[in-house]
Number of protein chains: 2
Amino acid sequence: MKNLGQHILAEFHNCDSEVLNNTELIEKLMINAADKSGATIVNSIFHTFNPWGVSGAVVITESHLTIHTWPEFGYAAVDVFTCGEDVDAWVGFKVLQEGLKSDRYTTVLIKRGIVNHDQVIPGFVMRPEVREFEAEYA
Amino acid sequence: MKNLGQHILAEFHNCDSEVLNNTELIEKLMINAADKSGATIVNSIFHTFNPWGVSGAVVITESHLTIHTWPEFGYAAVDVFTCGEDVDAWVGFKVLQEGLKSDRYTTVLIKRGIVNHDQVIPGFVMRPEVREFEAEYA
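Residues numbered from 1 in each chain as written. Chains lettered and ligands numbered in written order. Predicted model: local features only at pLDDT ≥ 70, side-chain atom pairs only at ≥ 80, totals over all residues. Heavy atoms only, no water.

J.: Give a detailed account of the environment of Ile26 of chain A, specifying residues and quantitative values.
T.: All names here are of chain A. Position of Ile26 among the secondary structure elements: in helix 2 (residues 23-36). A relative accessible area of 1% means that Ile26 is categorised as buried. The contacts of Ile26, once residues within four sequence positions are left out, are Val19, Leu20, Phe46, Val54, Ile67, Thr69 and Leu100. (Helix = DSSP H or I, 4+ residues; strand = E, 2+ residues; numbered from the N terminus. Buried < 20%, exposed > 50% of the residue type's maximum accessible area, 1.4 Å probe, protein only. Contact = heavy atoms within 4.5 Å.)

Below, the structure written as structure tokens:
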């Protein structure tokens, strides 16, 4: 039994509220976080709320990054969900923590997709990039 | 202290692999899940992988839904992250569980954004839709 991916849920408190309310900057940060972590960006969408707050999603070939900001509380909810061995999600996390200027944060790491690699559905084969991911489920 | 949002992480196993590999159907399911749960859709992006697998994100005004599928394992990783009282994330979860035809699944519910509503950052005020969310952090 191995996990197909890993998912970091980050709670960023005490962020710079001006950053949290700047959609252009948030988008650049998220793209940079994906890029620096070694991910390949497929597409992204960002939205500015009225009167403030930003939501965004970056789909990467290795899963996704999302962000939702509450400038009124200096808070951002960030998810970094990655698959494969070529991406270091924690690098993306660090880019965002520094960019948002958060000095109080917590993280939860959840293993996603715990499957038996020997039980492939008939008609399909395991993709090489899945096989290469060596993370074991303890 | 209250939480701004709630986040369901669903592990759907034993899904219909043909559904998991049908991007058009997955997109319809995700849009329908957001809609039925009472969310307002802002934008969405979906991507088909070679040779198989689908990734997608639906940004809603109340946060997001994401999906990543591994047809070769009959598995999908789904996230339903919502804010406010007008959205029932579990309705969206049910739409997806039935649509993916998953008969083995687990869920984790994580409270996101545990903040003190009395500590609003100067220059901002709490948005009405935040105030209306009554969920208490136990």
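After that view, the rundown keeps rolling.
J.: Would you mind going over the sheet that holds strand 5 (residues 75-83) of chain B in detail, with residue names and values included?
T.: Residues and elements named next belong to chain B. The six strands lie next to each other as 2-3-4-5-1-6, forming an open sheet whose pairing is antiparallel. The strands lining the two open edges of the sheet, one partner per strand, are strand 2 (41-48) and strand 6 (104-115). Direction aside, neighbouring strands of the sheet carry axes that sit 10 degrees apart on average. Helix 2 (residues 23-36) rests against strand 2, strand 3 (54-60) and strand 4 (63-70) of the sheet, and its axis sits at about 155 degrees to strand 2. Against the sheet, helix 3 (residues 89-100) makes contact with strand 1 (2-13), strand 4, strand 5 and strand 6, and its axis sits at roughly 10 degrees relative to strand 1, the strand it touches most. (Pairing = 2+ DSSP bridges. Axes fitted to C-alpha atoms, helices over the stretch in contact; angles between N-to-C directions.)

J.: Account for the confidence of the model for chain A, with residues named and values stated.
T.: Residues and elements named next belong to chain A. Averaged over all residues, the pLDDT of chain A is 92; the fraction at 70 or higher stands at 94%. In this model residues 134-138 is a low-confidence stretch, pLDDT under 50, and it forms 14 contacts with partners more than four residues away in sequence or in other chains. Scored as a whole, the predicted complex attains pTM 0.93, and scored at its interfaces, ipTM 0.92. (pLDDT = per-residue confidence, 0-100.)

J.: Describe the packing of aromatic side chains, listing the residues and the values that go with them.
T.: The relation between two aromatic rings is expressed through the spacing of the ring centres and the mutual angle of the planes. By the definition in use, this model includes 12 aromatic pairs over all chains. Residues Trp90 of chain B and Phe93 of chain B carry aromatic rings whose centres are separated by 5.3 Å and whose planes lie at 80 degrees to one another, so their mutual orientation is edge-to-face. With Trp90 of chain B and Phe93 of chain B both in helix 3, this residue pair falls three residues apart, about one helical turn. Judged by its relative accessible area of 35%, Trp90 of chain B is partly exposed. In this structure Phe93 of chain B comes out as buried when scored by relative accessible area, which is 9%. An aromatic cluster is built from Phe12, Trp90, Phe93 and Tyr105 of chain A, whose rings are joined through pairwise contacts. (Phe/Tyr/Trp six-rings, centres within 6.5 Å; stacked < 30°, edge-to-face > 60°.)

J.: Help me get a handle on the pattern of salt bridges, residues and values and all.
T.: Summed over the entire model, instances satisfying the criterion amount to 12 salt bridges over all chains. Taking the shortest distance from any N to any O, the salt bridge between Arg112 of chain B and Glu11 of chain A comes out at 2.4 Å. Highlighted residues: Arg112 of chain B in strand 6 and Glu11 of chain A in strand 1 (residues 2-13), drawn from two different chains. In this structure, Glu98 of chain A and Lys94 of chain A form a salt bridge, with 3.9 Å as the shortest nitrogen-oxygen distance. Separated by four residues within a single helix, Glu98 of chain A and Lys94 of chain A lie in helix 3 (residues 89-100), roughly one turn from each other. Owing to a relative accessible area of 49%, Glu98 of chain A belongs among the partly exposed residues under this scheme. Owing to a relative accessible area of 38%, Lys94 of chain A belongs among the partly exposed residues under this scheme. Bridged by salt links that share partners, the residues Glu11 and Asp79 of chain A together with Arg112 of chain B form one connected network. (Salt bridge = Lys/Arg side-chain N within 4 Å of Asp/Glu carboxyl O.)

J.: Any details on the side chain of His64 of chain A? Residues and values, ideally.
T.: Note on placement: His64 of chain A falls in strand 4 (residues 63-70). Of the residues examined, His64 of chain A reaches a relative accessible area of 1% and is grouped as buried. Beyond its immediate stretch of four places on either side in the chain, His64 of chain A contacts Val58, Val59, Asp79, Val80 and Phe81 of chain A together with Thr66, His68 and Asp79 of chain B.

J.: Give me the lowdown on the relation of the copies chain A and chain B, citing residues and values where you can.
T.: Of the transformation superimposing chain A on chain B, the axial component is 0.0 Å and the angular component is 180 degrees, with the fit at an RMSD of 0.0 Å. Here the transformation between the copies is reduced to the relation of a two-fold axis. Of the C-alpha atoms belonging to chain A, the one lying closest to the rotation axis is found on Ala57 of chain A, 3.4 Å away. Interface overlap between copies is the fraction of interface residues in one copy that are interface residues in the other; for chain A against chain B it reaches 98%, indicating a shared surface. (Least-squares fit on C-alpha atoms with pLDDT ≥ 70 in both.)

J.: Hey, could you go over the sheet that holds strand 2 (residues 41-48) of chain A for me, with residue numbers and the actual values?
T.: Residue and element names in this part refer to chain A. Taking strand neighbours across the sheet as the criterion, the six strands line up as 2-3-4-5-1-6 in an open arrangement whose pairing is antiparallel. The open sheet is flanked by strand 2 and strand 6 (104-115), the only strands paired with a single partner. Put simply, the sheet's adjacent strands are angled 10 degrees from each other on average, direction ignored. Pairing between strand 1 and strand 5 (residues 75-83): eight bridges, direction antiparallel. In the sheet register, Gln6 faces strand 5, and the bridge partner there is Thr82. On top of the sheet, helix 2 reaches strand 2, strand 3 (54-60) and strand 4; it is set at about 155 degrees to strand 2, its chief contact. Of the strands in this sheet, strand 1, strand 4, strand 5 and strand 6 are in contact with helix 3, which crosses strand 1 at around 10 degrees.

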